[in-house]
Amino acid sequence: MLPPRAPEAPAPGTPLGSHYEHCFGCGPQHPQGLQLTAIAGEGLDVTARFTVKPGHQGGPGLAHGGVLTTAMDETLGTLNWLLHAAAVTGRLETDFLRPVPVDAELHIRAWITGVHGRKIYSAAEGRIGGPQGPVAIRAQALFIQVKLEHFTQHGRPEDIKKALDDPDLFKRARAFEVNP
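Computed from a predicted structure; not experimentally measured.

**A short note on the overall build of the chain**
Okay, step 1: Of regular secondary structure, the chain possesses five helices and six strands.
Okay, step 2: Going residue by residue from the N terminus, the α and β elements of the chain occur as β-β-α-α-β-β-β-β-α-α-α.
Okay, step 3: Across the 180 residues of the chain, 43% fall into the buried class.
Okay, step 4: Of the contacts formed within the chain by residues at least 6 apart in sequence, a portion of 64% connects residues at least 24 apart.
Okay, step 5: Summing over all exposed atoms, the chain offers an accessible surface of approximately 9300 Å²; the carbon and sulfur share of this is 56%.

**Brief notes about the pairing of strand E2 (residues 45-51)**
Okay, step 1: Two elements, strand E1 (residues 37-40) and E2, share four bridges in a ladder whose sense is antiparallel. By the bridge assignment for E2, Ala 40 is matched with Val 46.
Okay, step 2: Counting the residues between successive antiparallel strands, the hairpin from E1 to E2 contains four residues.
Okay, step 3: Bridge count for E2 against strand E4 (residues 105-116) is seven bridges, and the pairing is antiparallel.

**Re the pattern of salt bridges**
Okay, step 1: The full count for this structure, using the stated rule, is four salt bridges.
Okay, step 2: Between Glu 93 and Arg 91 there is a salt bridge whose closest N-O contact spans 3.3 Å.
Okay, step 3: A relative accessible area of 36% places Glu 93 in the partly exposed class.
Okay, step 4: Two residues, Glu 125 and Arg 138, come together in a salt bridge whose shortest N-O distance is 3.8 Å. In this pair, Glu 125 is assigned in strand E5 (residues 119-128) and Arg 138 in strand E6 (residues 135-145), connecting sequence segments 13 residues apart.

**Structural notes on the environment of Ile 137**
Okay, step 1: Mapped onto the fold, Ile 137 is located in strand E6.
Okay, step 2: Sequence separation between Ile 137 and Leu 68 is 69 residues; the distance between their C-alpha atoms is 7.9 Å.
Okay, step 3: In this view, Ile 137 contacts Leu 68, Thr 69, Met 72, Thr 94, Asp 95, Phe 96, Leu 106, Ala 124, Glu 125 and Gly 126; residues no more than four positions away in its chain are not counted.

**A closer look at the side chain of Thr 75**
Okay, step 1: If you trace the backbone, Thr 75 turns up in helix H1 (residues 65-78).
Okay, step 2: When its relative accessible area of 0% is taken as the criterion, Thr 75 is described as buried.
Okay, step 3: The contacts of Thr 75, once residues within four sequence positions are left out, are Leu 36, Val 46, Ala 48, Ile 108 and Ala 110.

**Here we look at H1**
Okay, step 1: Counted at 1.5 Å a residue, the expected span for H1 with its 14 residues is 20 Å, and the 20 Å between its end C-alpha atoms agrees.
Okay, step 2: Burial analysis of H1 places 10 of its 14 residues in the buried class, the great majority of the element.
Okay, step 3: Along H1, the positions that sit buried rather than exposed are Val 67, Leu 68, Ala 71, Met 72, Asp 73, Glu 74, Thr 75, Leu 76, Gly 77 and Thr 78.

**Notes on the pairing of E5**
Okay, step 1: Among the 10 residues that make up E5, seven are buried, leaving the element largely enclosed by the rest of the structure.
Okay, step 2: Sheet analysis places E4 next to E5, joined by 10 bridges and oriented antiparallel. Looking at the pairing, Leu 106 lines up with Ile 128 of E5.
Okay, step 3: Adjacent in sequence and paired antiparallel, E4 and E5 are bridged by two residues, among which Gly 117 carries a positive phi angle near 60°.
Okay, step 4: Taken together, the nine bridges between E5 and E6 define a ladder with antiparallel strand orientation. The residue bridging Ser 122 from the neighbouring strand is Ala 141, located in E6.

About the cut-offs
Residues numbered from 1 in each chain as written. Predicted model: local features only at pLDDT ≥ 70, side-chain atom pairs only at ≥ 80, totals over all residues. Heavy atoms only, no water. Helix = DSSP H or I, 4+ residues; strand = E, 2+ residues; numbered from the N terminus. Buried < 20%, exposed > 50% of the residue type's maximum accessible area, 1.4 Å probe, protein only. Contact = heavy atoms within 4.5 Å. Areas by Shrake-Rupley, 256 points an atom, 1.4 Å probe, with all protein chains shown as cover. Pairing = 2+ DSSP bridges. Salt bridge = Lys/Arg side-chain N within 4 Å of Asp/Glu carboxyl O. Expected span 1.5 Å × (residues − 1).

Encoded structure:
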């Protein structure tokens, strides 16, 4: 059984923005990052997209599989905002169905499939060129809800201090919301 969407969750259609400006997945200040953008869906789902850049290559002219996995992880992680729960990736399984060329836009849809205690189960698929394009990658994930101490005890001290010292309370809280 699925839980209800949290009352504090972003409204459907809301761009979720970056949880931390230097995040490799969604951070606008990370020049080699994915700069992935996500939008809250109607229920317990989100959509996201990113364009594969030349710096994301694995084989000549093709996206690196690790970069594609990162895009799935980042999108799946944004689902936790709909539950208003800080969580980290516990397990992520990906299936690569077709190559994704450089300059292609990957459209990702992710949804929560179940919650049990601190465990959040989810799935996603990435399509090339648009929401109806061919499926290139699928993923299933397990996220584990954690407390703020998970981040403050394990992160690099100067980065933790910078995030905690941010005068914008909303940005400070969001910096610690997703990813291990």
